[in-house]
Amino acid sequence: MSHDLSKMGRNTQAIHAGQHVDPATGAVAPPLFQTSTFAFHDCAHGAACFAGEQKGYIYTRMGNPTVERLEQAVATLEGGYGGLSTGSGLAALCTSIFALLKSGDHLVGTSSVYGPSRMVIERDFSRFGIEYDFVDTGDLDAVRKAMRPQTRLVFVETPANPTIVLTDIEAVAEIARQNDALLLVDNTFCSPLLQRPLEKGADIVMHSMTKFINGHTDVVSGMIVPGTEALYGQIRKVHYYLGACMDPHQAWLVLRGLKTLGMRVKACQENAIKVAEYLEAHPKVEWVRYPGLESHPQHELARRQMDGPGALISFEIKGGVEAGARLLDHVELMTLAVSLGGIETLIQHPSSMTHAAMPRESRLAAGISDGLVRVSVGCEDVEDLLADFEQAMAHV
Ligand code: LCS
C-alpha cells in the first residue's frame, strides 16, 4: 500500500486506519479472532515470541489481531504512537494512573470530570499514597496554584462532564511541562473527530469508547493513546499485568461503530446546535451551556481548540431539581439514561445519577448544580427531538 493514512482526512482514517483485506481469505471486514491463546510452531518459536525476538501472538491479554486493528485505528486518528485498549473507559484511566504514578506523587485534575473518574482517585488511588487536587482547569491560575513539586500528572477532561467547561489544552500542557509533569486528556466528549489533544501538547489521550467512538450504545470499552514510544512502553508493561484488557468481540463491535464516526458526529452536532438554540430561547430554561453558543464563556477557546462544538449540552430548568425532574419524567422519544455519544438522544440528571457518588459540596464547587440536566443529542431528525422537548416542557 502506498498511501499514507496519517495525512488523510478523519473520515478516511475512521474507515481505513488499521484495516487491510485479510490475506488468508480476502475478507474485507475485519476477521474476529475470538481466541484466548495462539499456538506456537514449536518450542523455539514460543520462546522467541516470549523473548520478543519474533513477532507472534501469544495470549489475548497481551495482544490479539482484532484488538490490534482497533488500537492502530484510534492511534492514527489521535496522531499517537500506538493504542492500548481496555475493557472500559475507567480501566483506561486506572491503567494510566497505575503505570505513571507512585506513592508520594501528586495529581492535578479537572474538578468536573465523570464522577467515578474522580472518585477512584480520591477514594482508591489515595490509599496507595497518591495525592490529588481537583480544580477548575478552565482557570489557568487555578492550575498553576495547584501544582506542587511532586505533581507528576495533570488529568484534564475537556469539555468537562457534565459542566461543559473547557480547558485550554495547549496552555495546561505548557504548565505541566514546566513542572516536569505529564498531561493526560480524556477526549471522550469530542472523539478525535473534533479534538486531537496530542497535537496541542498533551502526552497521553484516553477515551471511553463506550461513547462516540463505538456510538451504538452496545459496548463498554476504553483506549489509551500515548504520544511517544517511551510512554507507550511504560503503560504497556502495566497493561499486560493489570488485566484491564479488551475482549476481541468488543473490539470487533467498536471497529464496526468507528467506521461511521465522522457522519455520526456531524449529524448529532448539527442537531445539538439546533437543540441548544431552542433551549436558550425557551422561557422555562434558566441557562444553557454549549460550546457552540456565543453565551458559552469559552466560546472563543472552543473555536480555537475544537473542530466543532459536539453533541453534549447542559442546562437548567427554572425551578431547579423538581422542574427538571418533570421534564425528564415526560420525555418520550429521548431516553432517560446515563451514557452519551450514541446515535440515540439520552438525557439524565447528573447530581442524582452520574455524579451522585460525589459529596454535594464537591459537586457544587465543581459547578454541578442540583438542577443541572445533561443531554447527549443523537442522530434522530431534529424536528422530532424538538417536538419531544416541546411536549415534555409543557409538563414543567
Ligand atoms: N470518561 C468520561 C468523560 C466519561 O463520560 C465516562 C463515562 C468515562 C470516562 C468512563 O467510561 P466507561 O468506563 O463508562 O466506559 N461516562 C458516563 C456518563 O456520563 N454516563 O454514564 C457513563
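Numbers given to residues run from 1 along each chain, matching the order in which its sequence is written. Side-chain atom pairs in this predicted model are given and counted only at pLDDT of 80 or more, local residue features only at pLDDT of at least 70, and totals for whole chains, interfaces and linings cover all residues. Each side-chain value is worked out from all heavy atoms of the structure, with water and hydrogens disregarded.

Caption draft 1: Fine view of the overall build of the chain. Tallying secondary structure elements over the chain gives 15 helices and twelve strands in all. A compact globule built from 396 residues should have a C-alpha radius of gyration of about 21 Å, and the chain, at 21 Å, falls within 12% of that. Any residue under 20% of the maximum accessible area for its type is buried, any over 50% is exposed, and the rest in between are partly exposed; the area is computed with a 1.4 Å probe on protein chains only. With 396 residues in all, the chain has 56% of them scored as buried. Pairs at least 24 residues apart make up 72% of the contacts formed inside the chain by residues separated by at least 6 positions. Accessible area for the chain stands at about 16,600 Å²; split by element, carbon and sulfur atoms hold 53% of it. Charged residues are defined here as Lys and Arg on the positive side and Asp and Glu on the negative side; His and the ends of the chain fall outside this count. By convention, charge coordinates are those of NZ in Lys, CZ in Arg, CG in Asp, or CD in Glu. For the chain, the separation between the mean place of its 33 positive charges and that of its 46 negative charges on side chains is 3 Å. Counting from the N terminus, the helices are the DSSP runs of H or I reaching at least four residues and the strands are the DSSP runs of E reaching at least two. Computation of the radius of gyration draws on C-alpha atoms alone. For the globule rule, the value is 2.2 Å times the number of residues to the power 0.38. Whether two residues are in contact is decided by their heavy atoms, any of which lying within 4.5 Å being enough. Note on areas: Shrake-Rupley with a 1.4 Å probe; residue coverage comes only from the protein chains shown.

Caption draft 2: View of the sheet that holds strand β1 (residues 84-86). Pairing between strands requires that DSSP locate at least two bridges from one strand to the other. Pairing is mixed in the open sheet, where seven strands are placed in the order β1-β7-β6-β5-β4-β2-β3. Looking at the sheet topology across the chains shown, the edges are occupied by β1 and β3 (131-135). Strand after strand, the sheet turns through a mean of 20° between neighbouring axes, direction not considered. The pairing of strand β5 (residues 182-186) with strand β6 (residues 204-208) spans three bridges and is classified as parallel. Residue pairing in the sheet places L184 in a bridge with I204 of β6. Against the sheet, helix α4 (residues 89-100) contacts β1, β2 (106-110), β4 (151-157), β5, β6 and β7 (222-226), and its axis sits at roughly 150° relative to β6. Where helices are involved, their axes are fitted lines through C-alpha atoms of the stretch in contact, as for all axes, and angles between N-to-C directions lie from 0 to 180°. Seen against the sheet, helix α7 (residues 169-178) touches β4 and β5 and runs at an angle of roughly 150° to β5.

Caption draft 3: Expanded view of the packing of aromatic side chains. The aromatic pairing rule takes the rings of Phe, Tyr and Trp, using the six-membered ring of Trp, and pairs them if the centres are within 6.5 Å, calling planes under 30 degrees apart stacked, those over 60 edge-to-face and the rest tilted. One pass over the structure, following the stated rule, counts seven aromatic pairs. Arranged with centres 6.2 Å apart and planes meeting at 65°, the rings of F40 and F50 form a pair that is edge-to-face. Here F40 is found in the loop between α1 (10-16) and α2 (43-51), whereas its partner F50 is found in helix α2, with ten residues between them in sequence. Relative accessible area serves as the criterion here: at 33%, F40 is assigned to the partly exposed category. With a centroid separation of 5.9 Å and 40° between ring planes, the pair formed by Y278 and F389 is classed as tilted. Residue Y278 is found in helix α11 (residues 261-281), and its partner F389 is found in helix α15 (residues 382-393); the two are separated by 111 residues along the sequence. Judged by its relative accessible area of 16%, Y278 falls in the buried class. Site record: aromatic cluster; members linked through ring pairs are Y278, F315 and F389.

Caption draft 4: View of the packing of helix α3 (residues 65-78) against helix α10 (residues 248-258). Orientation of α3 relative to α10, taken along the N-to-C sense of each, is 40°, at an axis distance of 8 Å. When the axes of α3 and α10 are compared, the pair comes out oblique. When the axes of α3 and α10 are compared, the crossing they make is left-handed. Mapping the contact onto sequence places T66, V67, R69, L70, A73 and L77 in α3 and P248, A251, W252, V254, L255 and L258 in α10. An angle below 35 degrees is treated as roughly parallel, one above 145 as roughly antiparallel, one from 65 to 115 as roughly perpendicular, and anything else as oblique. In this scheme, a crossing is called left-handed if the near helix is turned counterclockwise away from the far one by less than a right angle; it is called right-handed if the turn is clockwise.

Caption draft 5: Looking closely at the sheet that holds strand β10 (residues 335-336). As summarised here, the arrangement of the five strands in space is β8-β9-β12-β11-β10, forming an open sheet in which the pairing is mixed. Because the sheet does not close on itself, it has two edges, and the strands there are β8 (285-289) and β10. The pairing of β10 with strand β11 (residues 346-348) spans two bridges and is parallel. Considered in β11, the bridge of T335 is made with L346. Its contacts with the sheet place α11 against β8 and β9 (312-317), and it is angled at close to 15° to β9.

Caption draft 6: How the structure looks around the environment of L328. Along the polypeptide, L328 turns up in helix α13 (residues 320-329). Judged by its relative accessible area of 7%, L328 falls in the buried class. In this structure, the C-alpha to C-alpha distance between L328 and T345, residues 17 residues apart in sequence, is 12 Å. Apart from the residues within four sequence positions on either side, L328 is in contact with L336, I347, Q348, H349 and V373.

Caption draft 7: Representation of the site of the ligand in the model. Inspection of the region around the ligand gives 18 residues, with D186, S208, T210, S339 and R374 positioned closest. Any pair of N or O atoms that falls within 3.5 Å is considered a polar contact. Within protein, one atom must be able to donate a hydrogen and the other to accept it, and sequence-neighbouring residues count only if both atoms are side-chain atoms. At 3.0 Å from an oxygen atom of the ligand is found a side-chain nitrogen or oxygen belonging to N161. Side-chain polar atom of R374 to an oxygen atom of the ligand: 2.7 Å apart, as the coordinates give it. Burial of the ligand by the surrounding chains reaches 93%, relative to a free accessible area of 480 Å². Of the residues that constitute the shell around the ligand, the class distribution is five nonpolar, nine polar and four charged. What counts as a domain boundary in this text is fixed by an automatic or database domain assignment. Here the shell around the ligand spans two domains, and each of domain 1 (8-258) and domain 2 (261-393) adds at least three residues to it. Proximity criterion: a residue is near a molecule or strand once any of its heavy atoms comes within 4 Å of it. Each residue receives one of three labels: charged for Asp, Glu, Lys and Arg, nonpolar for Ala, Val, Leu, Ile, Met, Phe, Trp, Tyr, Cys and Pro, and polar for the others, Gly being one of them.

Caption draft 8: The arrangement of the state of the cysteines in detail. When two cysteine sulfur atoms are found within 2.5 Å, that pair is recorded as a disulfide. In this structure the tally under the stated criterion is zero disulfides. Not engaged in a disulfide, the cysteine C94 finds its nearest cysteine sulfur in C245; these two sulfurs lie 15 Å apart. Free cysteine: C190, not disulfide-bonded; nearest cysteine sulfur from C268 at 11 Å.

Purely geometric stuff here, so don't read any function into it on its own.
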